[in-house]
Amino acid sequence: MMTVNDVSKLTGVSIRTLRFYDKKGLLSPARRTDSGYRLYDEACLSRLQQILLLRELEFSLDDIGRILDSPAYDMTRALDDQITILTMKKQHIENLIVLAKGLKLRGVDHMDFDPFDVKEIDEYTEQAKQKWVGTPQWKEFEEKSKGRTSEDEKNLASRIMDIFVVFGKLRDLPPDAPRVREQVETLRAFLTANFYECTDEILLSLGRMYAGGGEFTQNIDKAGGEGTAEFTYEAIKAAVKAE
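Since this is a predicted model, take the numbers as computed values, not measurements. (Residues numbered from 1 in each chain as written. Predicted model: local features only at pLDDT ≥ 70, side-chain atom pairs only at ≥ 80, totals over all residues. Heavy atoms only, no water.)

Chemist: Please clarify how the overall build of the chain should be interpreted in this entry.
Modeler: The secondary structure content of the chain amounts to 12 helices and three strands. Among the 243 residues that make up the chain, the fraction classed as buried is 37%. If you take every contact in the chain between residues at least 6 apart in sequence, the share linking residues at least 24 apart comes to 62%. Accessible surface for the chain amounts to roughly 14200 Å². Of this, 52% is attributable to carbon and sulfur atoms. (Helix = DSSP H or I, 4+ residues; strand = E, 2+ residues; numbered from the N terminus. Buried < 20%, exposed > 50% of the residue type's maximum accessible area, 1.4 Å probe, protein only. Contact = heavy atoms within 4.5 Å. Areas by Shrake-Rupley, 256 points an atom, 1.4 Å probe, with all protein chains shown as cover.)

Now the structure itself:
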C-alpha cells in the first residue's frame, strides 16, 4: 500500500489533484487508515495511469469516469490511440525545433507557418474520442445510465461480480462445456440489459480486457478465485466460436 504522498512522488500527480479525483469518485483509495489517511494499491495506480492517458486524449473528467466504469472500456485500444497521438505530437515539436533553428540562422523574415498546423493531430484526437463517446453502444450506455445513483452503480458492480463468482466455480469444466456457455450467455444478457447490446465483437473485446491484467483481472480473480478472468475469456472465445 502507498500513501497519497508516495503516489504523488511516484507519478508526479499533485496531492491536491489526487484528493480532487477521490472527491469526484474518479480515483478512490483502496482503503483508509483509522486516522483517515488514503492508501493506494496497484489497482489504484493502474486506474490512475488510465486516467492520465485519457486526459491526453482531452476527455473531460466526467467522461473519463464514465468510460473507465463502462464494461466496454478496452485499454489496449486506448493505448493504440495514445501512441499514435503522442507520435504525432513528437513530430510536431520536432518540426517547430527545426523552424526555430532555421529562423535563428536565416532571420525572422523567413516565413513558414506549416509547423504550427495541428489540424491533423486535432482530427485524429477527435476520431479517437468518438470511438468512446460517439458510438451507438456509448449512447445506449448513457441512456440506460440516466438517473442511476451511486448505490445503483454499486449494486450493478456487485451483481456482475456474482456472475464471475459462478465462472470461478466452473473452472474445472472445459471452456466449451454447455454449463459454461450458459454462463457466458448470462453475462451477455446482463450487459445487454444494463449497459448496451453486447455483440460477439464487444463480448470478445471485454474478454480480452478481463484477462489482460490490471484492475479488472484482479477484481475478477478476487471474486472467483485465481484464474477466473482468464477462464472467462476462454469461455467467451469458445461460445462465440460455436455460434
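Chemist: Please clarify how the nonpolar core should be interpreted in this entry.
Modeler: Core analysis: the biggest nonpolar cluster contains 28 residues, and F167, L187, L191, L203, L206 and Y210 have the highest contact counts within it. Counting residues per element, the ones that place at least two in this core are α8 (150-169), α9 (178-194), α10 (200-211) and α12 (228-242). Of the residues forming this core, the biggest block, six residues, is contributed by α12. Aside from chain neighbours lying at most four places away, what touches Y210 is I160, F164, L187, L191, F216, T217, I220, A229, T232 and I236. (Core = buried A, V, L, I, M, F, W, Y, C linked by side-chain atoms within 4.5 Å.)

Chemist: Sorry if this is basic, but what is going on with the pattern of salt bridges here?
Modeler: Between side chains of opposite charge, pairing is possible as soon as their charged atoms come close. Counted under the stated rule, the structure contains nine salt bridges. Between R32 and D22 there is a salt bridge, with its nearest N and O atoms 2.5 Å apart. Taken as a pair, R32 in strand β2 (residues 31-32) and D22 in helix α2 (residues 15-24) lie far apart in primary sequence, 10 residues in all. Taking relative accessible area as the criterion, R32 reaches 41% and is therefore assigned partly exposed. Take D22: its relative accessible area is 10%, and that puts it in the buried class. In this structure, K24 engages D62 in a salt bridge whose closest nitrogen and oxygen atoms are separated by 3.1 Å. With a gap of 38 residues between them, K24 in helix α2 and D62 in helix α4 (residues 61-69) connect regions that are remote in the sequence. Judged by relative accessible area, which is 37%, K24 ranks as partly exposed. (Salt bridge = Lys/Arg side-chain N within 4 Å of Asp/Glu carboxyl O.)

Chemist: What should I look at first to understand the packing of aromatic side chains in this one?
Modeler: Within a pair of aromatic rings, the relevant descriptors are the distance that separates the centres and the angle that separates the planes. Considering all chains together, one arrives at four aromatic pairs under this definition. Stacked on the ring of F195, the Lys or Arg R148 has its end atom at 5.5 Å from the ring centre. (Phe/Tyr/Trp six-rings, centres within 6.5 Å; stacked < 30°, edge-to-face > 60°. Lys NZ or Arg CZ within 6 Å of the ring centre and 35° of its normal.)

Chemist: How should the side chain of R47 be read in this particular structure?
Modeler: Along the polypeptide, R47 turns up in helix α3 (residues 42-56). Assessed through its relative accessible area of 11%, R47 is described here as buried. Ignoring any residue separated from it by four or fewer positions in sequence, one finds R47 in contact with G25, L26, L27, G65, L68, D69 and E215.

Chemist: Explanation requested: the packing of α9 against α10 in the structure shown.
Modeler: Helix packing geometry: the angle between the two helix axes and the distance between the axes. Packing of α9 against α10 leaves a shortest axis separation of 11 Å and a crossing angle of 105°. In terms of orientation, α9 lies roughly perpendicular with respect to α10. Contacts between α9 and α10 involve V184, L187, R188 and L191 from the former and D200, L203, L206 and Y210 from the latter. Classifying every residue of the contact of α9 with α10 gives six nonpolar, no polar and two charged. (Axes fitted to C-alpha atoms, helices over the stretch in contact; angles between N-to-C directions. Parallel < 35°, antiparallel > 145°, perpendicular 65-115°, else oblique. Nonpolar A, V, L, I, M, F, W, Y, C, P; charged D, E, K, R; others polar.)

Chemist: Would you explain α8 in this entry?
Modeler: For an α-helix, 3.6 residues make a turn, and residues three or four places apart therefore share a direction. With 20 residues, α8 extends 29 Å between its outermost C-alpha atoms, agreeing within 8% with the 28 Å of an ideal straight helix rising 1.5 Å per residue. Among the residues making up α8, those that are buried are L156, I160, I163, F164, F167 and G168. For α8, the arc enclosing every buried residue in end-on projection is 155°, short of the 170-degree limit, so these residues lie on one face. In α8, the exposed residues that point more than 90 degrees away from the buried face are E151, K154 and K169. (Expected span 1.5 Å × (residues − 1). Arc of directions from axis to C-beta.)

Chemist: Please clarify how the sheet that holds strand β3 (residues 38-40) should be interpreted in this entry.
Modeler: Strand pairing in a sheet takes place through backbone hydrogen bonds and is either antiparallel or parallel in direction. An order of β1-β3-β2 is seen for the three strands of this open sheet, with the pairing classed as antiparallel. Lying at the two open borders of the sheet, with one neighbouring strand each, are β1 (2-3) and β2. The sheet contact formed by β2 and β3 spans two bridges and is antiparallel. Residue R31 lies in a different strand from β3, and its bridge partner there is L39. (Pairing = 2+ DSSP bridges.)

Chemist: Is there a simple way to explain the environment of D81 in this structure?
Modeler: Along the chain, the position of D81 falls in helix α5 (residues 75-106). Judged by its relative accessible area of 2%, D81 falls in the buried class.

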